[in-house]
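Structural features, examined
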Amino acid sequence: MTTHDDWWAIWLGALILVGATIAVLAFGPVKFVDGKAALPSALKNWIAKPETWASNPLDAFTKSGKSLLPGIAAMGGLLLALFTGAQTLRGHNPLRFTIAFLGVFLLGVASFVLAGQHLLHYYNLEYVLWALVLGMVISNTIGTPGFLKPAVLPEFYIKTGLVLLGAEVLFGLLFRLGLPGMVVSWITTPIVFLLSYLFGQKVLRIESRSLNIVISADMSVCGASAAIATGAACRAKKEEVSLAVGLSLAFTAIMMIVQPIFIRAVDMDPVVAGAWMGGTIDSTGAVAAAGKLVGGEAEKVAVTVKMIQNVLIGVMAFAVAVYWTTKVEVVPNGPPPTLWEVWYRFPKFVLGFLAASIIFSILYAVLPQGEALVQDLITKGVTSPIRVWLFCLAFVAIGLETNFRELLPYMKAGKPLTLYVVGQTLNLVLSFIMSWIAFGWLWKGVL
């Protein structure tokens, strides 16, 4: 509990959530602007990332005539302090980590700047894609510089971000769509996950079971987050997780552009369309962006369905840990596996995700003005922007760890790509059928 990044993700996530709650409450009564709680400017000014720009990249660092550099520097300083402290207590050199982190953070800033260019922003080519590309360009040309390697910690960053994501998964909001949202997410996802894994083993005969199951989880649940959680449960190699994440981002970039175009072309019901996108597009940010292209109603449903699906991260990780312990890695004639082995293998950061979700769901329900405090101020106002920075750093780090030469052995006969294409096709078809049954028939007009 003092050395593993699973536990440190929980401790850092808890510190950020507690600090955000105290910071918001310290500013007194909630003030509303256009019906929504507004983050006080004294706090908002210290939370920033590069914005959109047209012809001059420097425009990304200003908004409404104000410089965003203090807020960007504050984000970097906060994360530097937290992770330097954690790495120091874990026995690493703080000076080396500080230098490395600053380099990784600057690559993260560059990723946001690239994603903010108007044309690229219009096509929803998000920061995660540019973060991965920047890291991969460096690692596959000059090689990842040695001074950056102490801060190349993709799992640590994304696990901490997932603990923060838990605070955004509020049961009160999820239950507004209740059964129809669960039908799309909780029936479709396990079926696609299981059938994709069986297809990879029985038909494609993928040699690495861990690669097979990581790709299946990545594609059926929520992209990189599910890949890392599942990879930890089955102890997959970092190259296998990187390959799954790369496939996920490539297909996400395509789907978040093509799906809205198709939906508008066939004049699909926006509620059904939103549920369909929420169940199939991997990244939560990409889901929101694609939903926005269809309309406000579609965006709302898409994001909610995706959040319901995100709950399955912990369930999936636990199921894989049990399966790997009791079936895949059982030693013939050896002692039977114990519950302790499942516990050792289970990714502990999922407990932080679930705890944050439960605690903030309770605060949302019981606090006076709970909806404004928890949803508008604490999560959307403070912790969500920090989570976005953490995900950006994670994808930069994944890119810096990814070497195409090391991935080639895993791409035999194009089997991973075939698995992803077949699995995602099944996901698209089954999710559409379930979305239509739930939102277009059984619970039509639920909104």
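In short, a report on the structure.

Parameters and conventions
- For every chain, the first residue of its written sequence is number 1, and the numbers climb from 1 along that sequence.
- With pLDDT at 70 or above as the cut-off, local features in this predicted model cover only qualifying residues; side-chain atom pairs require 80 or more to be listed or tallied, and sums for whole chains, interfaces and linings still use all residues.
- Water and hydrogen atoms play no part in the side-chain values, which are based on all heavy atoms of the structure.
- Per the convention used, a helix needs a DSSP run of H or I reaching at least four residues, while a strand needs a run of E reaching at least two, with both numbered from the N terminus.
- Here the globule rule reads 2.2 Å times residues to the power 0.38, and the radius of gyration is calculated from C-alpha atoms.
- Burial classes follow relative accessibility: with a 1.4 Å probe on protein chains only, a residue under 20% of its type's maximum area counts as buried, one over 50% as exposed, and anything between as partly exposed.
- Any pair of Phe, Tyr and Trp rings, taking the six-membered ring for Trp, is counted once the centres come within 6.5 Å. Such a pair is stacked with planes under 30 degrees apart, edge-to-face with planes over 60 apart, and tilted for the rest.
- When the NZ atom of lysine or the CZ atom of arginine is within 6 Å of a ring's centre and also within 35 degrees of its normal, the charge is said to sit over that ring.
- The term nonpolar core refers to a set of buried residues drawn from Ala, Val, Leu, Ile, Met, Phe, Trp, Tyr and Cys, joined through side-chain atoms within 4.5 Å.
- Contact criterion: two residues are considered in contact whenever any of their non-hydrogen atoms come within 4.5 Å of each other.
- Salt bridge, as applied in this entry: a Lys or Arg side-chain nitrogen positioned within 4 Å of an Asp or Glu carboxyl oxygen.
- Fitted lines through C-alpha atoms give the axes, limited to the stretch in contact for helices. The angle between two N-to-C directions lies from 0 to 180 degrees.
- For classification, angles of less than 35 degrees are called roughly parallel, those exceeding 145 degrees roughly antiparallel, those between 65 and 115 degrees roughly perpendicular, and all remaining angles oblique.
- For any pair of crossing helices, the crossing counts as left-handed if the nearer helix is rotated counterclockwise from the farther one by less than a right angle, and right-handed if it is rotated clockwise.
- Amino acids are sorted into nonpolar (Ala, Val, Leu, Ile, Met, Phe, Trp, Tyr, Cys and Pro), charged (Asp, Glu, Lys and Arg) and polar (every other residue, Gly among them).
- In this scheme, patches are assembled from residues that exceed 30% relative accessible area and form no salt bridge. Like charges are connected within 9 Å, while nonpolar side chains (Val, Leu, Ile, Met, Phe, Trp, Tyr) are connected within 5 Å.
- A 1.4 Å probe and the Shrake-Rupley method give the accessible areas. Residues count as covered only by the protein chains that appear here.
- Counting rule for charge: Lys and Arg are taken as positive, Asp and Glu as negative, and neither His nor the chain ends is counted.
- In plain terms, the charge of a residue is placed at NZ if it is Lys, CZ if Arg, CG if Asp and CD if Glu.
- The span expected for a helix works out to 1.5 Å for each residue beyond the first.
- Each polar contact in these results corresponds to two N or O atoms within 3.5 Å; when the atoms are within protein, one needs to be able to donate a hydrogen and the other to accept it, and residues that are neighboring in sequence are counted only if both atoms are side-chain atoms.

1. Let's talk about the overall build of the chain
Of regular secondary structure, the chain possesses 20 helices and 4 strands. For a compact globule of 447 residues, the expected C-alpha radius of gyration is about 22 Å, and the chain comes in at 21 Å, within 12% of that figure. Overall, the chain is about 65 × 60 × 45 Å in size when its C-alpha atoms are taken along their principal axes. Put simply, the chain has 447 residues, and 55% of those count as buried.

2. With respect to the packing of aromatic side chains
Under the criterion given, the structure shown has 16 aromatic pairs. Ring geometry for Phe83 and Tyr157: centres 5.1 Å apart, planes at 70°, overall edge-to-face. Remark: Tyr157 occurs in helix H7 (residues 154-168) and Phe83 occurs in helix H3 (residues 69-89); sequence separation between them is 74 residues. Tyr157 matches Phe83 in its accessibility class, with the two residues each being buried. In textbook terms, an aromatic cluster arises when at least three aromatic residues are bridged by ring pairs, as seen for Phe83, Phe97, Phe101, Phe105, Phe112, Tyr127, Phe156, Tyr157 and Trp389. The ring of Phe391 carries Arg387 above its face, with NZ or CZ at 5.4 Å from the centroid.

3. With respect to the environment of Ala244
Structurally, Ala244 is set in helix H11 (residues 238-265). Ala244 gets classed as buried once you look at its relative accessible area, which sits at 1%. In this structure, the C-alpha to C-alpha distance between Ala244 and Gly135, residues 109 residues apart in sequence, is 16 Å.

4. Overview of unusual backbone geometry
Look at Ser64: it is not a glycine, yet its phi comes out positive at around 55°. When you line up the elements, Ser64 lands in the loop between strand E3 (62-63) and strand E4 (66-67).

5. Section: the nonpolar core
Formed by 127 residues in total, the largest nonpolar core has its most connected members in Phe83, Phe101, Tyr157 and Phe395. With 19 residues, the top contributor of residues to this core is helix H18 (residues 370-401). In this structure Phe395 touches Val128, Ala131, Leu132, Ile158, Ala224, Val245 and Leu249, once residues within four positions along its chain are discounted. Formed by 24 residues, the second largest nonpolar core is a distinct cluster that contains Met255, Ile263, Val271 and Trp276.

6. With respect to the pattern of salt bridges
Here the structure, examined in full by the defined rule, presents 4 salt bridges. Taking the shortest distance from any N to any O, the salt bridge between Arg387 and Glu168 comes out at 2.7 Å. Pair noted here: Arg387 is in helix H18 and Glu168 is in helix H7, with a separation of 219 residues, a long-range link. Residue Glu168 is classed as buried on the basis of its relative accessible area, which comes to 15%. Three or more residues are tied together by salt bridges with common partners; here these are Asp5, Asp6, Glu155 and Lys159.

7. Re the packing of helix H1 (residues 5-25) against H18
In a packed pair of helices, the relevant descriptors are the angle between the two axes and the axis-to-axis distance. Between H1 and H18, the least distance of the axes is 10 Å, while the angle of their chain directions is 130°. Taken as axis vectors, H1 and H18 run oblique relative to one another. For the element pair H1 and H18, the recorded crossing hand is right-handed. In this structure, H1 uses Ile16, Leu17, Ala20, Thr21, Val24 and Leu25 to contact H18, whose residues at the interface are Leu373, Leu377, Ile378, Val382, Thr383 and Ile386. Across the contact of H1 with H18, the residue classes break down as 10 nonpolar, 2 polar and no charged.

8. A closer look at a nonpolar patch on the surface
Taken together, Trp340, Trp343, Tyr344, Leu351, Leu354, Ile358, Ile362, Val366 and Leu367 make up a surface patch of nonpolar side chains, about 870 Å² in accessible area. Those elements giving two or more residues to the nonpolar patch turn out to be helix H16 (339-345) and helix H17 (349-366). Here the element with the most residues in the nonpolar patch is H17; it accounts for 5 residues. Mapping Tyr344 onto the fold places it in helix H16.

9. Considerations on a positive patch on the surface
Together, Lys44, Lys49, Lys63 and Lys66 give the surface a local cluster of positive charge. Relative to the helices and strands, Lys63 is located in strand E3.

10. A short note on helix H9 (residues 209-220)
With 12 residues, H9 extends 16 Å from end C-alpha to end C-alpha; this agrees with the ideal 16 Å at 1.5 Å per step. Counting buried positions along H9 gives 11 out of 12 residues, so the element sits mostly inside the fold.

11. Side note on the side chain of Glu240
Relative to the helices and strands, Glu240 resides in helix H11. Notably, Glu240 is buried but unbridged: the nearest opposite-charge side chain belongs to Lys237, and the N-O separation is 5.5 Å. Looking at Glu240, its side chain comes within polar contact range of the side chain of Ser210, at 2.7 Å. Ignoring anything within four residues of it in the chain, the contact list for Glu240 reads Ser208, Ser210, Leu211, Val214 and Tyr410.

12. Let's talk about the packing of H11 against H18
Contact pair H11 / H18: the axes reach a minimum separation of 10 Å and the direction vectors enclose 120°. Here H18 runs oblique to H11, going by the angle between their axes. Between H11 and H18 lies a crossing of left-handed hand. Of the residues in H18, those touching H11 at Lys238, Ser242, Val245 and Leu249 are Phe395, Ile398 and Glu401.

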